[in-house]
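Coordinate inspection notes
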Amino acid sequence: MSADHGSGGAPAHAPEITVVGSLNMDVRLTVDRIPRSGETISATGLKRSPGGKGANQAVAAARLGRRVAMVGAVGDDDAGREITARLVAEGLDVTSVASSEQPTGTAVILWEQPESTIVIEAGANGDVDESFVDSRDSAVRAVTDAQVVLCQCETPLGSLAAVTRLATGTTILNPAPAVPVPAEIRDRFDVLVPNRFELATLAGAGEAPASLADVVAMVRGLAFPGDVVVTLGADGSVVVPRDGLPTPVPAVRVDAIDTTAAGDSFCAALADGLLRGEDLVGAARWAARVAAVTTTRDGAIESLPLAHEVPAPRPEDSAPEQ
């Protein structure tokens with residue numbers, strides 16, 4: 001592992017949000033359908049752009065007006081330099097983005113509009129473990145000083161353990177992609193934001209919950225001591241607080257063309273809403289609006305909206321459908 005990327009892109013003040021997570025180069029192939037095992041099909045388009053759940057969430061938060069620091073790693077290669085330059089251009093603090101001897105992480109996306117099937121090769125993201133966070137003064141400061149720290153599961157789980165030990169602000173875990181997260185790590189976060197499939201993986205269940213009641217029951221079965229927001233795609237989300245009744249939050253109805261970064265923008269907007277003083281339900285409603293705009297645009301980082309591009313709430317966006 002080489003040194004961090006100096007002070008380029010570092011803001012003058014402590015970050016409001018720090019994202020500890022993945023940095024990938026996305027290679028997206030547009031397909032009419034997903035090929036069967038052993039089958040070769042022709043793609044109808046190719047697009048290459050910076051991505052990764054960590055980068056997506058960090059840029060999404062920055063575009064909503066937040067001071068954001070990124071903790072992660074890229075390869076000493078053209079892809080890594082392109083990603084780092086993009087983060088700097090978006091106004092992120094990249095002091096804790098390290099250059100690795102491993103190649104930059106890669107995500108191959110088969111885009112079957114509007115859904116995507118994704119295969120990830122971790123590359124340099126595999127370096128972002130517990131010692132990576134603990135041993136870098138810049139990373140320790142970024143995590144300790146932030147009001148909110150966002151994490152995902154495209155880096156080793158040790159990085160999550162380090163975050164929960166160091167963070168002084170609110171910690172949010174988006175357990176994506178779906179991997180089993182030990183309870184001793186998971187339960188030290190303040191907020192969990194899984195989708196229904198990730199929730200099933202956390203619960204050790206064979207199938208994702210189908211109904212809203214099943215979702216809530218599975219959340220309660222986790223005995224998670226914090227708050228949970230389960231995203232349900234076109235069905236919106238449900239806020240399951242540590243104390244109190246679950247609250248469904250409807251999706252904002254739009255003509256979606258690409259859902260690639262919708263979950264990432266939801267997580268970033270949830271953090272932004274909490275920083276604005278919203279309660280968890282209010283933050284989830286804001287996040288639903290941001291995610292909806294994201295789905296109306298092509299790409300990952302390219303699809304993330306600025307705050308002023310998110311329409312005002314409509315009456316149907318503030319109450320669950322009957």
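Everything quoted here is computed from the prediction, not taken from an experiment.

When helices and strands are tallied, the protein chain shows 10 helices and 13 strands. The C-alpha atoms of the protein chain give a radius of gyration of 18 Å, which matches the 20 Å a tight globule of 322 residues would have. In terms of overall dimensions, the protein chain has C-alpha extents of about 55 × 50 × 40 Å along its principal axes. Taking all 322 residues of the protein chain together, the buried fraction comes to 52%.

Spatially, 4 strands are ordered β3-β2-β6-β7 in an open sheet, and the strand pairing comes out mixed. Among the strands making up the open sheet, the edge pair consists of β3 (45-51) and β7 (115-121). Within the sheet, the average angular offset between the axes of one strand and its neighbour, ignoring direction, is 20 degrees. Two strands pair when backbone bridges link them, and strand β6 (residues 105-112) and β7 are joined in this way by 7 bridges, in the antiparallel orientation. Bridge pairing links V108 to V119 in β7.

Turning our eyes to something else, we now look at the pattern of salt bridges. In this structure the tally under the stated criterion is 19 salt bridges. When the shortest N-O distance is used, the salt bridge between R28 and D298 registers 2.5 Å. Taken together, the residues span a long stretch of sequence, with R28 in strand β2 (residues 24-30) and D298 in the segment after α10 (280-295) at a distance of 270 residues. With a shortest N-O distance of 3.8 Å, R276 and D272 are connected by a salt bridge. The structure contains a network of salt bridges with shared partners spanning E16, R66, D272 and R276.

Here we take up the side chain of T231. The residue T231 is located in strand β11 (residues 227-231) in this model. In this structure T231 touches V193, P194, N195, R196, G236, S237 and F266, once residues within four positions along its chain are discounted.

With respect to the helices and strands, the residue Q147 is situated in the loop between α4 (137-145) and β8 (148-151). When its relative accessible area of 42% is taken as the criterion, Q147 is described as partly exposed. For Q147 and G169, which are 22 residues apart along the polypeptide, the C-alpha to C-alpha distance reads 4.5 Å.

A regular strand places its side chains on the two faces of the sheet in alternate fashion. Judged from the 7 bridges that link them, β2 and β3 form a sheet pairing that is antiparallel. Bridging from a neighbouring strand, T30 pairs with G45 of β3. Relative to β6, β2 runs parallel, the two being bridged by 7 bridges. Looking at the pairing, D26 lines up with A107 of β6.

Where helix α1 (residues 53-63) meets helix α9 (residues 262-275), the closest approach of the two axes is 8 Å, and the angle between their N-to-C directions is 50 degrees. Compared by their axis directions, α1 and α9 come out oblique. Between α1 and α9 lies a crossing of right-handed hand. Where α1 abuts α9, its residues K53, N56, Q57, A60 and A61 lie against D264, S265, C267 and A268. A class-by-class count of the residues in the contact of α1 with α9 yields 4 nonpolar, 3 polar and 2 charged.

Bringing the nonpolar core into the picture now. I17, L23, V68, M70, L87, V193 and L270 are the most contacted members of the largest nonpolar core, which has 47 residues in total. Those elements that provide at least two residues to this core are β1 (17-20), α1, β4 (68-75), α2 (78-89), β5 (93-100), β8, α9 and α10. Per-element accounting of this core gives the leading share, 8 residues, to α10. Grouped together as the second largest cluster of nonpolar side chains are 41 residues, V71, L192, V219 and F224 included.

Reading across from one edge, β5-β4-β1-β8-β9-β10-β11-β12-β13 is the order of the 9 strands in this open sheet, with mixed pairing throughout. The open sheet is flanked by β5 and β13 (247-249), the only strands paired with a single partner. In this structure, β11 lies alongside strand β12 (residues 237-240), joined through 4 bridges in antiparallel fashion. For V230, the partnering residue across the bridge sits in β12 and is V238.

Those residues of α4 not exposed but buried are S138, A139, A142 and V143. Projection of α4 onto a plane perpendicular to its axis shows the buried side chains occupying an angular sector of 125 degrees, all on one side. Structurally, α4 contributes buried residues whose contacts are with β1, β4, β5, α3 (130-134), β8 and α5 (158-166).

Viewed as axis vectors pointing N to C, α9 and α10 meet at an angle of 145 degrees, and their least axial separation amounts to 7 Å. Crossing handedness for the pair α9 and α10: right-handed. Residues A262, S265, F266, A269, L270, D272, G273 and L274 of α9 pack against L280, A283, A284, W286, A287, A288, V290, A291, T294 and T295 of α10. Across the contact of α9 with α10, the residue classes break down as 13 nonpolar, 4 polar and 1 charged.

Cut-off values and rules
- Residues numbered from 1 in each chain as written.
- Predicted model: local features only at pLDDT ≥ 70, side-chain atom pairs only at ≥ 80, totals over all residues.
- Heavy atoms only, no water.
- Helix = DSSP H or I, 4+ residues; strand = E, 2+ residues; numbered from the N terminus.
- Rg over C-alpha atoms; globule rule 2.2 N^0.38 Å.
- Buried < 20%, exposed > 50% of the residue type's maximum accessible area, 1.4 Å probe, protein only.
- Pairing = 2+ DSSP bridges.
- Axes fitted to C-alpha atoms, helices over the stretch in contact; angles between N-to-C directions.
- Salt bridge = Lys/Arg side-chain N within 4 Å of Asp/Glu carboxyl O.
- Contact = heavy atoms within 4.5 Å.
- Parallel < 35°, antiparallel > 145°, perpendicular 65-115°, else oblique.
- Left-handed = near helix turned anticlockwise from the far one by under 90°.
- Nonpolar A, V, L, I, M, F, W, Y, C, P; charged D, E, K, R; others polar.
- Core = buried A, V, L, I, M, F, W, Y, C linked by side-chain atoms within 4.5 Å.
- Arc of directions from axis to C-beta.

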